[in-house]
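Here is how the chains run, residue by residue.
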Amino acid sequence: MCIFFNELPDEQQNTVRAIFADPPPDILWLNVLILFDVLHSESHVSNGFLCVALSLHQEMRRGIFPYSGQQGCISRHTVNELRNYLRGVGVEPN
């Protein structure tokens, strides 16, 4: 499965734009969790990390990101990691 940017709902497009902005604005973890839900990923939180698995062309792409809770904002370092992960699964703004 590969969901391209234009196929995402408007709110999730805004989240992706924020992740790819330089410098990125404050991005809530809740918005990132919703984005991964819309991408039909499998995700769970374990020991302070968000673990994500997304099926892409019969291959699972996994990512592990430091997680500070739904109400908190993601760090700049984590934004870079999310940017790379999303680019790898084919989701980035046009």
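For the structure, see preceding data.
This text gives an overview of the structure that appears in the document. Source: prediction; values computed, not measured.

1. As for the packing of aromatic side chains
- All told, the structure shown has 4 aromatic pairs when counted by the stated rule.
- Geometrically, the ring pair formed by F36 and F65 is stacked, given 6.2 Å between the ring centres and 20° between the ring planes. On the criterion of sequence distance, the pair formed by F36 in helix α2 (residues 29-38) and F65 in strand β3 (residues 59-66) is long-range, its members being 29 residues apart. Taken as a pair, F36 and F65 share a single burial class, namely buried.

2. Considerations on the sheet that holds β3
- Spatial ordering of the open sheet is given by β1-β2-β3, a layout of 3 strands whose pairing is antiparallel. The open sheet terminates on both sides in strands that have one partner only, identified here as β1 (42-46) and β3. Geometrically, the sheet is characterised by an average inter-axis angle of 15° between neighbouring strands, direction not taken into account.
- In this sheet, strand β2 (residues 49-56) lies alongside β1 in antiparallel orientation, the contact comprising 5 bridges. Note that in β2 the partner of S46 across the bridge is F49.
- Seen against the sheet, α2 touches β2 and β3 and runs at an angle of roughly 25° to β2.
- Contacts from helix α3 (residues 76-88) reach β2 and β3, with the element oriented near 175° to β3.

3. A closer look at the pattern of salt bridges
- Applying the stated criterion across every chain, the model contains 2 salt bridges.
- The partner of R61 in a salt bridge is E59, with the nearest N and O atoms 3.5 Å apart.
- E59 gets classed as partly exposed once you look at its relative accessible area, which sits at 41%.
- For R87, the salt bridge goes to E92, with nearest N and O atoms at 3.5 Å.
- By relative accessible area, R87 is classed as partly exposed at 39%.
- The exposure class of E92 is partly exposed, given its relative accessible area of 32%.

4. Digging into unusual backbone geometry
- The step from D22 to P23 runs through a cis peptide bond, and the omega angle for that step is 0°.
- If you trace the backbone, P23 turns up in the loop between α1 (10-20) and α2.
- Despite not being glycine, H40 has its phi angle at roughly 60°, a positive value.
- Here H40 lies in the loop between α2 and β1.

The rules behind each value
- Throughout this description, residue numbers start from 1 for each chain and increase along the sequence as written.
- Reporting of local features is limited, given that this is a predicted model, to residues whose pLDDT is at least 70; pairs of side-chain atoms are given and counted only at 80 or more, and all residues count toward the totals for whole chains, interfaces and linings.
- Values shown for side chains rest on all heavy atoms present in the structure; no hydrogens or waters enter the calculation.
- For this analysis, a ring pair means two rings from Phe, Tyr or Trp (six-membered ring only for Trp) whose centres lie within 6.5 Å, classed as stacked if their planes differ by under 30 degrees, edge-to-face if by over 60, and tilted for the remaining angles.
- A run of H or I in DSSP becomes a helix once it reaches four residues, and a run of E becomes a strand once it reaches two; helices and strands are each numbered from the N terminus.
- Exposure categories follow from relative accessible area, calculated using a 1.4 Å probe and restricted to protein chains: below 20% of the type maximum is buried, above 50% is exposed, and the middle band is partly exposed.
- DSSP bridges decide pairing: two strands pair if at least two such bridges lie between them.
- Whenever a helix is involved, its axis is fitted only over the stretch in contact; in every case the axis is a line through C-alpha atoms, and angles between N-to-C directions fall within 0 to 180 degrees.
- Residue contacts are counted whenever heavy atoms from the two residues lie within 4.5 Å of one another.
- Salt-bridge detection follows one rule: a side-chain nitrogen of Lys or Arg within 4 Å of a carboxyl oxygen of Asp or Glu.

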